[in-house]
Every structure is written in C-alpha cells, then in structure tokens.
Amino acid sequence: TGQAMASAVIRAVRAREITGDGPVLIDAPPGAGCSLAAALRGAEVCVLVTEGTRAGRHDLALAAEVAQGFGVPAGVVLNRAGLGDAGLIRDWCATRGLPLLAELPFSREVAAATARGELLADRTEWRERFVALWRALTALAQRGGEEGKP
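Below you will find a few notes about this structure. (Residues numbered from 1 in each chain as written. Predicted model: local features only at pLDDT ≥ 70, side-chain atom pairs only at ≥ 80, totals over all residues. Heavy atoms only, no water.)

A word on the sheet that holds strand 2 (residues 74-81)
Phase 1 of the analysis: Reading across from one edge, 1-2-3 is the order of the three strands in this open sheet, with parallel pairing throughout. Only two strands of the sheet have a single neighbouring strand rather than two, namely strand 1 (46-50) and strand 3 (100-105). Averaged over all pairs of adjacent strands, the angle between their axes in this sheet comes to 20°, without regard to strand direction.
Phase 2 of the analysis: As paired elements, strand 1 and strand 2 share five bridges and run parallel to each other. Counterpart to Val47 in the pairing with strand 2 is Gly75.
Phase 3 of the analysis: Along the sheet, helix 3 (residues 54-69) makes contact with strand 1 and strand 2, crossing strand 1 at roughly 170°.
Phase 4 of the analysis: Against the sheet, helix 6 (residues 124-142) touches strand 1, strand 2 and strand 3, its axis set at about 160° to strand 3. (Pairing = 2+ DSSP bridges. Helix = DSSP H or I, 4+ residues; strand = E, 2+ residues; numbered from the N terminus. Axes fitted to C-alpha atoms, helices over the stretch in contact; angles between N-to-C directions. Contact = heavy atoms within 4.5 Å.)

If you want it as structure tokens, here you go:
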C-alpha cells in the first residue's frame with residue numbers, strides 16, 4: 001500500500017545516531033504488537049495513552065503487560081477524559097499500581113485546532129498540562145519505575 005510498517009520505521013530511527021542531551025520520544029501506533037516492542041527496546045519509560053472505554057482498558061492491559069515484560073516503567077495518560085468512563089481507567093491504574101500521569105479532556109475546539117495544525121502547547125492551559133505531564137514522566141524515569149510496573 002506504500003505505507004511504511006511502524007516497527008521498521010522505529011528501528012530506522014533507533015539506528016540513526018542521536019546526539020544531544022535531550023530526550024528522544026518514539027511514538028508507536030495503538031496496540032501491543034511489534035511496533036510497541038520495537039519502541040520499548042532500550043526505553044527508559046513508557047507512556048500508555050488510552051481512553052475511558054472497556055476496549056481502551058483491554059488494550060491498556062495488554063500494552064502494560066508488554067512494557068512490564070521489557071522491564072520498562074509505565075505511566076498512563078487518559079485521553080478524551082470526559083467521554084466514556086474515566087473511573088474505569090482510574091480504578092484499573094490504582095489496582096495495578098500504574099501512575100495516572102495526566103487526564104486530557106475532550107474538547108471540540110482542541111480537535112478543530114489540531115486539525116488546523118495548531119500546537120496545543122501554544123495555549124497556556126494546555127502548555128501547563130503538558131509541562132505537568134513531562135515532570136511526572138521524568139520523575140517516573142528517575143525513580144527507575146519503582147511504581148509503574150504492574
């Protein structure tokens with residue numbers, strides 16, 4: 001179909017020499033397959049993004065299990081909070097000992113802005129959310145994931 005396979009793209013990114021002291025973020029498509037495994041190899045921390053649905057919780061459980069298998073501490077971001085059942089994800093995270101790093105609320109205005117190519121980080125309220133998420137994520141990585149391993 002002319003589309004690159006995600007795991008091949010992730011391997012190609014990892015093969016490039018990465019310079020500088022800053023973090024490297026590798027995004028993988030949803031699921032717990034080869035792309036996730038490719039992204040987790042050598043990772044310091046994993047962000048699992050989900051939505052408040054039973055299907056979201058199911059996929060989250062599978063992905064968290066893969067992260068645990070790689071020994072990578074994980075935290076959860078609840079996307080589109082306010083739609084579905086956020087409590088389903090909160091309860092699952094609490095039961096499994098995975099930190100809920102952030103809840104990002106659903107907003108039609110935000111959906112329209114991102115469709116126009118706008119960066120949410122340019123909006124003060126979202127920038128503050130992302131800074132808080134970054135701090136929680138780096139703290140999880142620095143702790144070596146004593147929490148975040150289901």
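On we go.
Remarks on the packing of aromatic side chains
Phase 1 of the analysis: All told, the structure shown has one aromatic pair when counted by the stated rule.
Phase 2 of the analysis: Ring centres 5.9 Å apart and planes at 40° place the aromatic pair Trp126 and Phe130 in the tilted group. Of this pair, Trp126 and Phe130 both sit in helix 6, four residues apart, roughly one helical turn.
Phase 3 of the analysis: Look at Trp126 and you get buried, because its relative accessible area is 6%.
Phase 4 of the analysis: We note Arg129 situated over the ring of Trp126; from NZ or CZ to the ring centre the distance is 5.2 Å. (Phe/Tyr/Trp six-rings, centres within 6.5 Å; stacked < 30°, edge-to-face > 60°. Buried < 20%, exposed > 50% of the residue type's maximum accessible area, 1.4 Å probe, protein only. Lys NZ or Arg CZ within 6 Å of the ring centre and 35° of its normal.)

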